[in-house]
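# Structure at a glance
Below, each chain spelled out in residue letters.
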Amino acid sequence: MSKIGGATCRAEGSGDAMDMVTDRLLGRARKLLLDLSGGGRLRAAGGFGGALVVAALLYYPIGMLITHEIDDDTNYQTPAAQAPEGGSRAVAMAASLIMREVDENRWVANDPIFLPPAALDNMPNYQQGIISALARFAFELTDQIGRTRGTSQTDKDLQEAAGQLQYAGNVWVFDFSTSLAPTTTSEARYRKAARSLRAYNQRLAKGKAVFERRADNLLATLDRFALDMGASSATLDRHIAEHAGDLIDTLADDVFYGIKGQSYAYYLIIRELGLDYANVLSERELTNAWAKMLESLKHAAELSPLVVANGRPDSQAVPSHLAAQGFYLLRARTKLREITNILLK
């Protein structure tokens, strides 16, 4: 019996060993089949594809976060190296603002769709609002301040700057609506405008250019600024009348930030014009009125809600940031009109 039992035990042990060997062989075979069928490669490809999807999902949000900048520092000053002694403070400020937005903060209004800033909304409207105000100022420089009583020849540098600043802000290297060939970008145009303004200011500092510091020149320039602010307030009024209280208003922030950029640029330019025309303001006793006008314009430039809301003006729950902006803008415009009325006398 014992021999038979021992033989049985050995047989069972041999069976277990055979099962282990079989399992190992089958495991190796399955692995070999997977390798041969490309299953491993498919898993690797799937992992790589997943990484690409994650990268694509993060590409735009991270790129937008890095680029987004609403630079509304109302204490901004022209770098000393760009403000020549004897030149115009306002002209130096205009050139510095252009270069700051184009190069330091990066111009984004013309970015193509494959770049993350193309998905930004507020920043491009803000930057284009700044340029619109500077374009108006450059035109007034050419037509009023930079020539003798409007009868002499226009300054070539000022004329060049005014022309370049009229250029649309959304033109990239290619503009297929006009041509298949590469074209001059908006940034290149604006840089050229800034160089022309600085060239004019350098000549002015050397006494080789005209900057009329008479009251009538200041009056004409401020009148144009007031008209521009009036047009902006009309835009706000129209948008409030048509869309106030809408559940979804995707255009409210476009309007808000465009006018915010314009107000910011006007605040800095007018602040510097106050230094260029300090004697006129002092003679006409306008120093206090000038300061109050700037204060209202500063409030309009500094408004910065987390989310722009266009609630009804009498709403208890949802604010109307457009109405608040319009209030400060109209107040600044009223002060401007008071100043021009005094200058007219």
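No experiment lies behind these values; they were computed from the predicted model shown.

Conventions used here
- Residues numbered from 1 in each chain as written.
- Predicted model: local features only at pLDDT ≥ 70, side-chain atom pairs only at ≥ 80, totals over all residues.
- Heavy atoms only, no water.
- Core = buried A, V, L, I, M, F, W, Y, C linked by side-chain atoms within 4.5 Å.
- Buried < 20%, exposed > 50% of the residue type's maximum accessible area, 1.4 Å probe, protein only.
- Helix = DSSP H or I, 4+ residues; strand = E, 2+ residues; numbered from the N terminus.
- Contact = heavy atoms within 4.5 Å.
- Patch = residues over 30% accessible without salt bridge, like charges linked within 9 Å, V, L, I, M, F, W, Y side chains within 5 Å.
- Areas by Shrake-Rupley, 256 points an atom, 1.4 Å probe, with all protein chains shown as cover.
- Salt bridge = Lys/Arg side-chain N within 4 Å of Asp/Glu carboxyl O.

## With respect to the nonpolar core
Formed by 77 residues in total, the largest nonpolar core has its most connected members in Ile98, Leu134 and Trp290. It is helix α8 (residues 252-276) that contributes the most residues to this core, 13 residues altogether. Once residues within four sequence positions are removed from consideration, Ile98 is found in contact with Ile131, Leu134, Leu165, Tyr190, Ala193, Ala194 and Leu197.

## Regarding the environment of Glu272
Along the chain, Glu272 falls in helix α8. The sequence separation of Glu272 and Val91 amounts to 181 residues, and the corresponding C-alpha distance is 8.5 Å. Those residues in contact with Glu272 that sit more than four places away from it in its chain are Gln77, Arg89, Ala90 and Met93.

## Some details on a nonpolar patch on the surface
Nonpolar side chains collect at one region of the surface, where Val54, Leu58, Ile62 and Ile66 lie side by side and expose about 380 Å² of accessible area between them. A relative accessible area of 44% places Leu58 in the partly exposed class.

## Here we look at the environment of Gln153
With respect to the element layout, Gln153 can be found in the loop between α4 (122-145) and α5 (156-165). Residues Gln153 and Asp143, ten residues apart in the sequence, show an inter-C-alpha distance of 9.6 Å.

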